[in-house]
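# Understanding the architecture of this molecule
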Amino acid sequence: MTTYKDYADAFLCFQNDPELEEVLDPYSGFAPKLKEICLQSKEDTDDADEQLLYTMEANTWSLLQAVIPARKTLPAATTRARSLHPYTPPSTLSQSIINASPFLNELIVLREWLQESAPDPTFPEATTSYWNFTKHRINQAARSAGEARTGLVKEMDPDAVTRGQLAPEDMEFEKHFCQCLYTFIRAGKFEDAYHLCHRTQQPWRAASIRGSKIFSWQTLSTEETDKGDADGEDDMLPWRGTRKRNLWKSSCIRAALNQSLPNHDRILFAALAPSNQSSNILRSACRTFHDHLWAALSVTCEEKISMELAKIPSFWEGTIDRPVPWLTEEEQDAEDDEWTAEQQTALQGLENIRVEEGPKSDHPFHHTQIRVMLDQTASVFDTFALGLTRGLYPQEVLPPYIRFFTHLALYYKMISLPVPPDSVQVILEAYLSVLESTGHNELIALYAAALGDNAITRYAAFLVHSGIQSNLADRRGALNQARQHGLDVDRVALGELPTFGLPQPPTDAQTLLLRSIEWTTFNEATYESALEQANVIFRYFLAMGLPSHGQTLLAVLPLDLVRMADTEHVHYRQFFSLWQLLDTATTELSKLQRHAKEAISAYHEVLADTRTVALKLLTSDWMIPEGEVKPEVGMDMARIRKIYIPEVVIRLHALLYASRAFVQEALPALLELTNTIADSRYRLYDDFGDRLPTYLNLVRQAVLATLENGGADPFRMLA
């Protein structure tokens, strides 16, 4: 299966008003399904650029699954940290602080998402002992009673690097080892980093990493015991974590700011205890957009929790005697709202940050991720739709972008989140074009149904412009697909598609007929014969249902012939002028986009001209002979009138009905057309024959459409 088909299958699972819980399910929901499709597609391709796009899209769907469910559910009742007793462990206080601030809670989730989507950590080379080469050189110097190499450390304690240098091999190992530990911290795998330090004979680094664990004591806490976080060392103790974490944190910050330490050590300490003071050190290790985002969120979360803990009387934080100003819940909420606004502004500023590796910060997926975090996704659709219309995206990556934004819009519609309708219309139209160009015609109806008011018009246009009409079975299958996806098959087949189908090239006999009249158009002396012969050929082509051949004939007739034209010939010219206007208006309508105000304004004029010419033809004695004519001529003209009066009415009706999304006056004009048909002065209803039920059904649908925006009187717009 192709990726397009996989996406369509996922969409089909949630097409018919799914329950919110089904769409947001963490395992079988819409976003997890698309994430799995992206990851599988990444495995199936060897193209590095495609793999990168699939990875970024998978990460974006993972982000949506991380934040959207919480936004769509009511938050649970929480206990304010300031209302807890002074002996409450810091872990419980921290969780209460997080729960009381929706934005901080979301930032924690975002940080976890960035850790989960981080590259896999790297492992150092195997080693059998601690600073093996340095130890060997110190021992060698001691045995030979000579001096060690200038600058070489004389002791093996962890702080020895501040007093001298290690052997070059150990210096290189330390640098690589710290970089490996940083990748573990970046991925949120603190426990793995802790055990790695023990395996490499560096327990002091393990202790530094273990210091990040916040102090908890189950007996004094309201939280349930997390058995999964226990390890053998702590199982014998009633408490876990770092008792004096503030001291540990300040030590990490001082180490990160210590310029005498190697840069890789400083970066590691800055990552262990993110803070405003050491943020520059941490950012120096960031290479990708997600690295910068993770560093910023880590600092923000750590600083917010520390700031709130400092305001609470706590025995464990050493602030039990600190007076705390009494604030109402409203004042605390206002305080949190102010902080949230500041952090949102800071987060928005990351859209312009410079990166050294990977896609830039303004990449469509990165831009989407930031806007999802800020809960400002509507602007994403507007930006992408504008870029589509202006051709700002490279053609080779445009289909994956369109596919993603199409399904993002459908996802938001499933869960009743607002999307800008005009921009989404542009994106969905573009995706239908992508499906057509890639040969996925069987998926057109599924996605066309998501277009709302324009669904039938767009699907009908697809059927007209595709080659699907050449085979009856294919045509029937296309209409069945429309029915399966909720489209009105009658409107697709009758109301929108032209009855005469696509123009067909003339046969050899018809070409001979068209060319035969040319000999009588070169000289004015033969114009009378040309006029008579032209009328005969017009009658033949129109009676045969071939108006396009009649238009071809009209194009070769000299304009001077009009001066000699009889009433019948004038009627033909009047008809072909209207037929051309109907074709032009239908084509222009298929190109309209809701945001294209100039095109819509121009279309208003085209539609008005078409309606005016049509009404003039309908209310005149078109194709009714004047005076005596040959019986066979009268019969042909009567036949043509009975074919094309209903056809013109139905085409004009369909055009007005399909234009209602762009032209406010379309529905009133449509109902006025109905009155014209029913007017006994013109007796147009006599020309409909067995097509009258079809037209009446279309009128019924139009009357129902007048009630779309509320109200009980379908004819109020005619008042």
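Residues numbered from 1 in each chain as written. Predicted model: local features only at pLDDT ≥ 70, side-chain atom pairs only at ≥ 80, totals over all residues. Heavy atoms only, no water.

## Things to note about the overall build of the protein
- Counting its secondary structure elements, the protein contains 31 helices and two strands.
- For the protein, restricting intrachain contacts to residue pairs at least 6 apart in sequence, the fraction spanning at least 24 positions comes to 68%. (Helix = DSSP H or I, 4+ residues; strand = E, 2+ residues; numbered from the N terminus. Contact = heavy atoms within 4.5 Å.)

## Overview of helix α31 (residues 692-705)
- Here α31 is 14 residues long and its end C-alpha atoms lie 20 Å apart, about the 20 Å a rise of 1.5 Å per residue gives.
- Every buried residue of α31 is accounted for by Y695, L698, V699, Q701, A702, V703 and A705. (Expected span 1.5 Å × (residues − 1). Buried < 20%, exposed > 50% of the residue type's maximum accessible area, 1.4 Å probe, protein only.)

## Overview of the nonpolar core
- Counting 116 residues, the largest nonpolar core has F30, W61, L293, F384, L408, Y411 and Y447 as its most contacted members.
- Discounting residues that sit within four places of it in the chain, W61 has contacts with Y7, F30, A31, L34, K35, C38, F404, H407, L408 and Y411.
- Within the second largest apolar cluster, 64 residues are counted, among which are A534, F541, V649 and I677. (Core = buried A, V, L, I, M, F, W, Y, C linked by side-chain atoms within 4.5 Å.)

## Regarding the confidence of the model for the protein
- Residues of the protein with pLDDT of at least 70 account for 86%, and the chain-wide mean is 83.
- Confidence drops under a pLDDT of 50 for residues 464-472, and excluding neighbours within four residues, the segment shows 10 contacts in the predicted structure.
- Below pLDDT 50 for its whole length, residues 489-499 participates in 32 contacts with residues either more than four positions away or in separate chains. (pLDDT = per-residue confidence, 0-100.)

## Quick look at a negative patch on the surface
- Negative charge collects at one region of the surface, where D46, D47, D49, E50 and E396 lie side by side.
- Here E50 shows up in helix α4 (residues 48-71).
- According to the relative accessible area criterion, E50 is partly exposed, its value standing at 37%. (Patch = residues over 30% accessible without salt bridge, like charges linked within 9 Å, V, L, I, M, F, W, Y side chains within 5 Å. Areas by Shrake-Rupley, 256 points an atom, 1.4 Å probe, with all protein chains shown as cover. Salt bridge = Lys/Arg side-chain N within 4 Å of Asp/Glu carboxyl O. Lys, Arg positive; Asp, Glu negative; His and termini not counted. Charge placed at Lys NZ, Arg CZ, Asp CG, Glu CD.)

## Here we look at the pattern of salt bridges
- This model, assessed by the stated rule, comprises 22 salt bridges.
- The network of salt bridges with shared partners includes K304, E308, K311, E335 and D336.

## Here's the deal with the packing of helix α16 (residues 364-373) against helix α18 (residues 398-414)
- Contact geometry for α16 and α18: axes closest at 11 Å, N-to-C directions at 20°. If you check the angle between α16 and α18, you find them roughly parallel. In this structure, α16 crosses over α18, and the sense of that crossing is right-handed. Only Y401, F404, F405, L408 and Y412 of α18 make contact with α16, whose side of the interface consists of P364, F365, T368 and V372.
- Partitioned by chemical class, the residues of the contact of α16 with α18 number eight nonpolar, one polar and no charged. (Axes fitted to C-alpha atoms, helices over the stretch in contact; angles between N-to-C directions. Parallel < 35°, antiparallel > 145°, perpendicular 65-115°, else oblique. Left-handed = near helix turned anticlockwise from the far one by under 90°. Nonpolar A, V, L, I, M, F, W, Y, C, P; charged D, E, K, R; others polar.)

## Brief notes about the side chain of R641
- By the secondary structure assignment, R641 is in helix α29 (residues 631-658).
- A polar atom in the side chain of R641 sits 2.9 Å from the side chain of D687.
- If we skip the residues at most four places from it in the chain, R641 touches S620, D621, W622, M623, I624, P646, Y682, L684 and D687. (Polar contact = N/O pair within 3.5 Å; in protein donor to acceptor, adjacent residues only side chain to side chain.)

## With respect to the environment of W248
- Its location among the elements puts W248 in helix α11 (residues 245-257).
- W248 sits 37 residues away from G211 along the chain, and the two C-alpha atoms are 6.4 Å apart.
- Discounting residues that sit within four places of it in the chain, W248 has contacts with S208, G211, S212, T242, L272 and A273.

## Concerning the state of the cysteines
- The full count for this structure, using the stated rule, is zero disulfides.
- Free cysteine: C178, not disulfide-bonded; nearest cysteine sulfur from C197 at 8.6 Å. (Disulfide = S-S within 2.5 Å.)

## Some details on the packing of helix α26 (residues 547-556) against helix α27 (residues 567-591)
- Here α26 crosses α27 at 115°, and the two axes come no closer than 10 Å. Where α26 crosses over α27, the two elements pack in a sense that is left-handed. Where α26 abuts α27, its residues P547, G550, Q551 and L554 lie against R573, F575, F576, W579, Q580 and D583.

## Some points on a nonpolar patch on the surface
- Side chains of Y87, L220, F315 and I320 sit close together on the surface and give an oily, nonpolar patch of about 320 Å² of accessible area.
- Mapped onto the secondary structure, Y87 falls in the loop between α4 and α5 (90-100).
- Note on Y87: relative accessible area 41%, which makes it partly exposed.

## Structural notes on unusual backbone geometry
- Here the phi dihedral of D375 falls at roughly 60°; this positive angle occurs in a residue that is not glycine.
- Note that D375 resides in the loop between α16 and α17 (378-390).
- We classify D375 as exposed; its relative accessible area is 53%.
- Notably, M623 is not glycine yet its phi reads approximately 60°, a positive angle.

## Re the packing of aromatic side chains
- Counted according to the given criterion, the structure contains 32 aromatic pairs.
- Plain terms: the ring middles of F11 and Y447 are 5.5 Å apart, the flat faces sit at 20° to each other, and that makes the pair stacked. Placement of F11 in helix α1 (residues 3-12) and of Y447 in helix α20 (residues 444-448) is noted, with a sequence separation of 436 residues between them.
- Judged by relative accessible area, which is 1%, Y447 ranks as buried.
- Both rings, one in F384 and one in Y393, keep their centres 5.0 Å apart while their planes meet at 35°; by these two values the pair is tilted. The pair F384 / Y393 is uniform in exposure class, with both members buried.
- Connected via pairs of aromatic rings, a cluster forms that spans F14, F30, W61, F365, F381, F384, Y393, Y401, F404, F405, Y411 and Y412.
- Across the ring face of Y4, the terminal group of R403 is positioned such that the distance to the ring centre comes to 5.2 Å.
- Above the plane of the ring of Y657 lies R660, whose end atom (NZ or CZ) is 4.0 Å from the centre. (Phe/Tyr/Trp six-rings, centres within 6.5 Å; stacked < 30°, edge-to-face > 60°. Lys NZ or Arg CZ within 6 Å of the ring centre and 35° of its normal.)

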